[in-house]
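# Architecture at a glance
One letter stands for each residue in the lines below.
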Amino acid sequence: MECVNRLQTLLGEAFPDAQAVDVVDRTGGGGHFHVTVVSTRFEGISLLEQHRLVNEALADPLRDGTIHELRITTRRPA
């Protein structure tokens, strides 16, 4: 749960306007996560760029091995 909270905090800081930030520990033991971010920041940019922004926000846990697998879902608000 500590990892999930850390990732949610990092994403919340990177996307302060986000309508939703969700982090799911897919295995229950850490390492494999699915993150969903809904933000106006994604308007007008490609899916690749949206995912790049999420990866940048999570650069430290990706680098230190906290995240072994990352699935990303990004959306613009409806």
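Report follows, based on the coordinates. None of the values given here were measured: they were computed from a predicted structure.

Next up on the list: the sheet that holds strand E2 (residues 32-38). Reading across the sheet, the 3 strands line up as E1-E2-E3 and stay open at both edges, with mixed pairing between neighbours. The sheet is open, and its two borders are formed by strand E1 (20-25) and strand E3 (69-75), each paired with just one other strand. Within the sheet, the average angular offset between the axes of one strand and its neighbour, ignoring direction, is 10°. Summarising the sheet, E1 and E2 pair through 6 bridges and their orientation is antiparallel. In the strand pairing of E2, valine 23 is matched with valine 35. Each of E1 and E2 touches helix H1 (residues 2-14); the most contacted strand, E1, lies at about 155° to it. In this fold helix H2 (residues 47-57) packs onto E2 and E3, with an angle of close to 125° to the strand it touches most, E3.

Moving on, we get to the pairing of E2. Counted residue by residue, E2 has 5 buried out of 7 residues, so it is predominantly covered. What sits between E1 and E2 in their antiparallel hairpin is a turn of 6 residues, with glycine 28 showing a positive phi close to 80°. Where E2 lies against E3, 7 bridges are found, and the strand directions are parallel. Note on E3: the bridge partner recorded for phenylalanine 33 is leucine 70.

What follows covers H1. For H1, spanning 13 residues, the distance from its first C-alpha to its last is 19 Å, which sits close to the expected 18 Å at 1.5 Å a residue. Of all the residues in H1, the buried ones are Val4, Leu7 and Leu11. For H1, the angular spread of buried residues about the axis comes to 70°, placing them on one side. Away from its buried face by more than 90 degrees, H1 exposes Glu2 and Glu13. At its buried positions, H1 is contacted by E1, E2, H2 and helix H3 (59-63).

About the thresholds
- By convention here, each chain's residues receive numbers from 1 onward along its written sequence.
- Side-chain atom pairs in this predicted model are given and counted only at pLDDT of 80 or more, local residue features only at pLDDT of at least 70, and totals for whole chains, interfaces and linings cover all residues.
- Hydrogens and water molecules were not included; the side-chain quantities draw on all heavy atoms of the structure.
- For two strands to count as paired, DSSP must find a minimum of two bridges between them.
- In this description a helix means any DSSP run of H or I spanning at least four residues, a strand means any run of E spanning at least two, and both kinds are numbered starting from the N terminus.
- Simply put, an axis is a line fit to the C-alpha atoms, just over the touching stretch for a helix, and the angle between two N-to-C directions goes from 0 to 180 degrees.
- Throughout, a residue-residue contact means that at least one pair of heavy atoms, one from each residue, lies within 4.5 Å.
- For each residue, the accessible area found with a 1.4 Å probe, counting protein chains only, is set against the maximum for its type, and the residue is called buried under 20%, exposed over 50%, and partly exposed in between.
- To estimate the expected span of a helix, count its residues, drop one, and scale the result by 1.5 Å.
- Working definition: the arc comes from the directions between the helix axis and the C-beta atoms, pointing outward to the latter.

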